[in-house]
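For reference, the chains in residue letters:
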Amino acid sequence: MKTILANVVPEETRLAMVSDADGELEMVEFERASQAHLVGNIYRGQVQNVLPGMQAAFVDIGGEKNAFLYIGDGLPYGEGEARQLPHQKIHIGQILPVQIVKDAVGTKGPRATMHISLPGRMLVLMPTAAYIGLSRRITDEGERSRLHDIAGRICPEGMGLIIRTAAAGASEEELKADAEAQLRIWNSILARFKLKGQRKGALLYRDADLLIRWVRDQLTEDISALVVDDRQAYLRVKELAEALTPELADRVKYYEGKRPLFKEYQVERELEKLGDRQVELKNGGFLVIDKTEALTVIDVNTGSFVGRSNLSDTVYQMNLEAAAEIMKQIRLRDIGGIIIVDFIDMDAAEQKESLLQRLRELTAKDRTKMTIVDITSLGLVEITRKKSRTNLETLIYAECPVCHGRGRVESPETVSIRISRDIRRLEKKCHAVDGYDIEVHDSVADELGANQLLMNLAAEFAFDLKVIARPDFHPESYTITQTSPD
């Protein structure tokens, strides 16, 4: 069993899921009022540019950046009266409904699709795609067959359905009611899309906020309690739970403790660790996590772990424990895109295959689609994970103003040598000075005081050098000022 914790303030909502057995943090997500997610929203977009060579277009959705629309998988419109949408070849100026599937990241705008999906409690309606799918988390073949048959009967003509995990055990009447509710939403979206005078970029549908999404998607039988620390949010959640899952509504609790909710459940401490580059393992080893523009690299190190048997088994056990922590970190940090893991080298083919199988088993804990690709010839494990919303790291952290995202600054010795080079260059241009005043960061001042560099320069050119320590300076910054005769 698990507990969901909801920490709500006007500026930010934080949700976490912890295990009742050991208190381990299993899932966390933030949402801020100033940085609302666009994923799931549907807009009345206008095509601004078409790129035939990329099978893509840029669509104005009323934001600062146009949305990128990939059209290589074909237009979804044109069959059946229920769709009632344009189906001609996309062209500049065209108005069409698009749904955001990926938030803007860095300099890139959001990504959009014309394949609309509307999630309900037990199913997802796809009004522009005739397709029936089932959650991979429903593993019982008999139940899968039953749900597939029901979906075929209740699916609106010309549309598609995806049966969600929460549908397991549900009756046909319950599933039909959910499908009809989503169909009503779609019809209202169509009505707003066709409304005369509607501006381009108009918001046609807003996805539920974080708290509501978690009640809709996460409040299941394996949740022992959903604890909310804000009174108004608690009442809203309670009302929604009574409407969606009345049998679970009594599990929604209002937290009145004196300590902050996340501190009471030791979540705050775990959140602080999510920004660390190095992650300690219980057996003495550690992970190093580095991100680049295109991918994330995770390195496994033995550290102080020496094992109790032969080298092969020691390495294998180390990798197995690292695998569990890696999958947890990927989930908690919401790392998406391409992920490369450098496990400790293993020679036995059966151990490599066993490690891959363990990784695939661990993907079941992650609600985001993840694929364990394979082990490369260099012993690297390739993983891909769907990336849609702004992840935790991007939301919480900003680029360091000192190192500008590099993760390091020049050493005091390097800066000292640059200073000596600049002084020699200045001395070649002007010989009529008594010396120089050098203002530097404290660490560089210490380095200049400890080495012989300044003494050698003073002796070489017969002038005075004065070092002034400035703690407010950037570690790589300095000024050199000529001192003239009185």
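Look a little higher up for the structure.
Chemist: Can you lay out helix α2 (residues 172-194) for me, pointing to particular residues and giving the numbers?
Modeler: Taking 1.5 Å of rise per residue, 23 residues should cover 33 Å, and α2 covers 33 Å from first to last C-alpha, within 8% of that figure. In this structure, the buried residues of α2 make contact with β4 (42-51), β7 (95-102), β9 (118-119), β10 (123-126), α1 (141-154) and β13 (202-205).

Chemist: Tell me about the packing of aromatic side chains, and name the residues and values.
Modeler: Applying the stated criterion across every chain, the model contains four aromatic pairs. Ring centres of Y234 and Y254 lie 5.6 Å apart, and the angle between their planes is 40 degrees; on these two criteria the pair is classed as tilted. Note that Y234 is positioned in helix α4 (residues 231-244) and Y254 in strand β15 (residues 252-254), a separation of 20 residues in sequence. Seen from their ring centres, F461 and F463 are 5.5 Å apart, and the 20 degrees between their planes marks the pair as stacked. Under the relative-accessibility criterion, F461 is labelled partly exposed at 26%.

Chemist: Please give an account of the side chain of T13 that cites residues and values.
Modeler: Following the sequence through the fold, T13 ends up in strand β2 (residues 12-19). Apart from residues lying up to four places away in sequence, T13 is in contact with N7, V8, E29, F30, E31 and L210.

Chemist: I'd like to hear about the sheet that holds strand β16 (residues 278-280), residue by residue, with values.
Modeler: Pairing is mixed in the open sheet, where six strands are placed in the order β16-β17-β18-β19-β21-β20. Every other strand in the sheet has two partners, leaving β16 and β20 (370-375) as the edge strands with one partner each. When the angles between neighbouring strand axes are averaged without regard to direction, this sheet yields 20 degrees. The sheet contact formed by β20 and strand β21 (residues 380-385) spans five bridges and is antiparallel. Within the sheet, the bridge partner assigned to T371 lies in β21 and is T384. Against the sheet, helix α7 (residues 311-333) engages β16, β17 (286-291), β18 (295-301), β19 (337-342), β20 and β21, with an angle of about 150 degrees to β18. Along the sheet, helix α8 (residues 349-362) contacts β20 and β21; its crossing angle with β20, the most-contacted strand, is approximately 175 degrees.

Chemist: Tell me about unusual backbone geometry, and please be specific about residues and values.
Modeler: You will see that Q55, though not glycine, has its phi angle at about 50 degrees, which is positive. Summarising the element assignment, Q55 is placed in the loop between β4 and β5 (56-60). The backbone of Q266 shows a phi angle near 55 degrees, a positive value even though the residue is not glycine. Within the fold, Q266 resides in the loop between α5 (261-264) and α6 (267-273).

Chemist: Talk me through the pairing of β4; I want residue IDs and the actual numbers.
Modeler: Along any regular strand the residues' side chains alternate between the sheet's two faces. The sheet contact formed by β4 and β7 spans five bridges and is antiparallel. Looking across to β7, one finds that I42 is bridged to Q99. Of the strand pairs in this sheet, β4 and β13 are connected by three bridges, and their pairing is antiparallel. Residue pairing in the sheet places Y43 in a bridge with L203 of β13. Where β4 and β5 come together, five bridges link them in antiparallel fashion. The residue bridging N49 from the neighbouring strand is F58, located in β5. Joining the antiparallel neighbours β4 and β5 is a turn of four residues, in which Q55 adopts a positive phi near 50 degrees.

Here is what the cut-offs are and how they apply
Residues numbered from 1 in each chain as written. Predicted model: local features only at pLDDT ≥ 70, side-chain atom pairs only at ≥ 80, totals over all residues. Heavy atoms only, no water. Helix = DSSP H or I, 4+ residues; strand = E, 2+ residues; numbered from the N terminus. Expected span 1.5 Å × (residues − 1). Contact = heavy atoms within 4.5 Å. Phe/Tyr/Trp six-rings, centres within 6.5 Å; stacked < 30°, edge-to-face > 60°. Buried < 20%, exposed > 50% of the residue type's maximum accessible area, 1.4 Å probe, protein only. Pairing = 2+ DSSP bridges. Axes fitted to C-alpha atoms, helices over the stretch in contact; angles between N-to-C directions.

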